Amino acid sequence: MTMNDNEQRLLEHSYDGIQEYDNPLPRWWVIIFWATIVFSLLYVVNVPLFGRGKGRIADYEADMAAWRAAHPMPTDTSSEEELAAMAQDRNVITLGKQVFSTNCSSCHRPDAGGMIGPNLTDDYWIHGGALADIHKTVSTGVLAKGMPAWGKLLKPDQIDQVVVYVASLRGSNPPNPKAPEGVPLKP
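Residues numbered from 1 in each chain as written. Predicted model: local features only at pLDDT ≥ 70, side-chain atom pairs only at ≥ 80, totals over all residues. Heavy atoms only, no water.

Student: Where do I start with the overall build of the chain in this structure?
Tutor: Within the chain one finds eight helices and four strands. Its helices and strands taken in sequence order, the chain reads α-β-β-α-α-α-α-α-β-α-α-β from the N to the C terminus. Per-residue burial over the chain gives 24% buried out of 187 residues. Of all intrachain contacts in the chain linking residues separated by at least 6 positions in sequence, the fraction that spans at least 24 positions is 56%. Here the chain has roughly 13600 Å² of accessible surface; of this, 61% comes from carbon and sulfur atoms. (Helix = DSSP H or I, 4+ residues; strand = E, 2+ residues; numbered from the N terminus. Buried < 20%, exposed > 50% of the residue type's maximum accessible area, 1.4 Å probe, protein only. Contact = heavy atoms within 4.5 Å. Areas by Shrake-Rupley, 256 points an atom, 1.4 Å probe, with all protein chains shown as cover.)

So, in structure tokens, the structure goes:
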């Protein structure tokens, strides 16, 4: 390289007396730079033949399906008969009272006479008073009325316990209850 070539590489501007030198990047760096651009385009397009499998989205869906199979969500399997059988067990009702006191009493009062939420001791029910109806209401909640979906927060056995406890409160006549709401239960 001659002195003339070095002078041609000097750029015209200077800053604080320092002149910039136009030095090209190493070839290996430029090749890696362009390779990353090509890879990103293939990755965004999700070319099935590129990489392993059918592409990143298909791999993700397969991984999620495998995880769901290994970690099944609890299902609402409590039938009316199972809940009725639990209602005969005093221990289940006691455990349900604890769950009710912790999670439900702030809206329904500790005696279930109703406050923000409806009275749970009378024969009038907004969303049905059968054990299966109560279970569905507790599990899925009623967002329009402000009731959370307890099925996402409580264990399935806790939901069963609180449902059995609420059903056991029918006719308990607490002092100063909230006025009836909903339709009366069919005998």
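Student: Would you explain unusual backbone geometry in this entry?
Tutor: Peptide bonds are, in most cases, trans, and in most cases residues other than glycine have a negative phi. Positive phi is not limited to glycine here, since Ala-112 has a value of about 65°. As for its placement among the helices and strands, Ala-112 is situated in the loop between helix 6 (105-108) and strand 3 (124-125). With a phi angle near 55°, Asn-176 is a residue other than glycine that sits in the positive phi range. Considering the arrangement of structural elements, one finds Asn-176 in the loop between helix 8 (156-168) and strand 4 (183-184).

Student: Explain the packing of helix 5 (residues 90-103) against helix 8 here, please?
Tutor: Two quantities define a packed helix pair, namely the angle between the helix axes and the distance between the axes. Axis separation between helix 5 and helix 8 bottoms out at 7 Å; the angle between their running directions is 100°. Between helix 5 and helix 8, the angle falls in the class roughly perpendicular. Counting all contacts with helix 5, which are made through Val-92, Ile-93, Leu-95, Gly-96, Lys-97, Val-99 and Phe-100, the residues of helix 8 involved are Gln-158, Gln-161, Val-162, Val-164, Tyr-165, Val-166 and Ser-168. Here the contact of helix 5 with helix 8 is built from residues that sort into nine nonpolar, four polar and one charged. (Axes fitted to C-alpha atoms, helices over the stretch in contact; angles between N-to-C directions. Parallel < 35°, antiparallel > 145°, perpendicular 65-115°, else oblique. Nonpolar A, V, L, I, M, F, W, Y, C, P; charged D, E, K, R; others polar.)

Student: I keep staring at the packing of aromatic side chains and nothing clicks. Help me out?
Tutor: The geometry of an aromatic ring pair is captured by the separation of the ring centres together with the interplanar angle, meaning the angle of the planes. Throughout the structure, instances matching the rule amount to three aromatic pairs. For the pair Phe-33 and Trp-34, a centre-to-centre distance of 5.6 Å together with 75° between the ring planes defines the contact as edge-to-face. Residue classification places Phe-33 among the partly exposed positions, given a relative accessible area of 38%. (Phe/Tyr/Trp six-rings, centres within 6.5 Å; stacked < 30°, edge-to-face > 60°.)

Student: Help me understand the pattern of salt bridges in this model?
Tutor: Between side chains of opposite charge, pairing is possible as soon as their charged atoms come close. Tallied over the entire structure, the rule returns two salt bridges. Arg-109 serves as the salt-bridge partner of Asp-111, at 2.9 Å between the closest nitrogen and oxygen. A residue is classified by how much of its surface remains accessible, and Asp-111, at 26% relative accessible area, is partly exposed. A salt bridge links Glu-181 to Lys-178; the nearest nitrogen and oxygen atoms lie 3.5 Å apart. (Salt bridge = Lys/Arg side-chain N within 4 Å of Asp/Glu carboxyl O.)

Student: What's the story with the confidence of the model for the chain in this structure? I'm lost.
Tutor: A low pLDDT means the predicted coordinates there should not be read in detail. Chain-level pLDDT for the chain is 83 on average; 86% of the residues reach the 70-or-more range. Confidence scores differ between elements of the chain, with helix 1 (residues 3-9) showing the lowest mean pLDDT of 59 and helix 5 the highest of 92. (pLDDT = per-residue confidence, 0-100.)

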